[in-house]
Amino acid sequence: MSARPDRTPLPRSFFDRPVLTVAPDLLGRTLVRRTPDGPMELRITEVEAYEGEADPGSHAYRGRTARNASMFGPPGHAYVYFIYGMWFSLNLVCGPPGHASGVLLRAGEITVGAELARKRRVSARNDRELAKGPARLATALAVDRSLDGTDLCAGPASPLSLLTGTPTSPDLLSHGPRTGVGGAGAAHPYRYWITHDPTVSPYRAHAPRRRST
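Think of each chain on its own: its residues are numbered from 1, step by step along the sequence as written. pLDDT decides what is reported in this predicted model: residues at 70 or higher carry local features, side-chain atom pairs at 80 or more are listed and counted, and totals for whole chains, interfaces and linings draw on all residues regardless. With hydrogens and water stripped out, all remaining heavy atoms of the structure feed into the side-chain values.

Rolling a probe over the atoms, with the probe sized like a water molecule, indicates the empty space that remains. Cavities and pockets are found on a 1 Å grid laid over the protein atoms alone: a cavity is a set of points where a 1.4 Å probe fits but cannot escape, a pocket is an open set with protein on both sides within 12 Å along at least five of seven lines, and a lining residue has an atom within 4 Å of such a point. Grid points are joined across faces, edges and corners, and a volume is the space filled by probe spheres set on the points. One number sums up the size of the largest pocket: a volume of about 1,100 Å³. Around the largest pocket, the lining comprises 40 residues; the ones closest to its centre are Ile83, Tyr84, Arg106, Pro134 and Thr179. Secondary structure elements are taken from DSSP: a helix is a run of H or I of four residues or more, a strand is a run of E of two residues or more, and numbering for both begins at the N terminus. Elements supplying a minimum of two residues to the lining of the largest pocket: strand S3 (38-50), strand S4 (78-83), strand S5 (87-94), strand S6 (101-112) and helix H4 (134-140). Looking at the lining of the largest pocket, the element that brings in the most residues is H4, giving four residues. Any residue outside Ala, Val, Leu, Ile, Met, Phe, Trp, Tyr, Cys, Pro, Asp, Glu, Lys and Arg is labelled polar, Gly included; the first ten of those are nonpolar and the last four are charged. Residues of the lining of the largest pocket, tallied by class, amount to 16 nonpolar, 13 polar and 11 charged. For the second largest pocket, the calculated volume is near 310 Å³. For the second largest pocket, the lining is made up of 15 residues, of which Pro5, Gly28, Thr30, Arg43 and Thr166 are closest to its centre. Split by residue class, the lining of the second largest pocket holds three nonpolar, six polar and six charged.

For Arg121, the position within the fold is in the loop between helix H3 (114-120) and H4. Throughout this description, buried means an accessible area under 20% of the type-specific maximum (1.4 Å probe, protein chains only), exposed means over 50%, and partly exposed covers the range between. Positive charges come from Lys and Arg, negative ones from Asp and Glu, while His and the chain ends are left out of the count. We define a salt bridge as a side-chain nitrogen of Lys or Arg found within 4 Å of a carboxyl oxygen belonging to Asp or Glu. Despite its burial, Arg121 pairs with no opposite charge; the closest candidate is Glu129, at 5.0 Å N-O. Throughout, a residue-residue contact means that at least one pair of heavy atoms, one from each residue, lies within 4.5 Å. Those residues in contact with Arg121 that lie beyond four places of it in its chain are Glu129, Leu130, Arg136, Thr139 and Ala140.

Here's what the structure looks like:
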């Protein structure tokens, strides 16, 4: 019989480390989302790391803006952005204040509150697809820009927090290029996932968007 996931909240010091250390260490952790409809929990199975101004694939590569301000710290906060005029994505800010690094939560398993996620993700064919991809994850957990800047270390009053969960064994960890990242950041092997986990999203290389003529 496997041990139950550890419910100890992760401290701010967990996030106050280099992003390439934090990212793989997030796999198997438990994200708690508290909503007016009830609590939800997600076992994290896939992430991507972004190194800020040093990373051509990062929103912060060209400096601070109103959109990416939360990425600049302090660590242990959420960075939520809107993309393609349709979807939200949830990131966890890492490293010292001012460094602008973060980890995108790409996929996970809904372990608590799946009935709530099904109402938001009516197109999901099964529960493995509820949070299979960053936009699906955000939709399932009712994440939008109102959560940008949320402190995950503020205790049970916070709408988001992170528990120790069941950290993934190194022999079950895979890594490779990030999904959909082009240009100079395309080859960075900053995507991490739990090997063979059915909730992990499929890899897709960057495809330039066609301009209408």
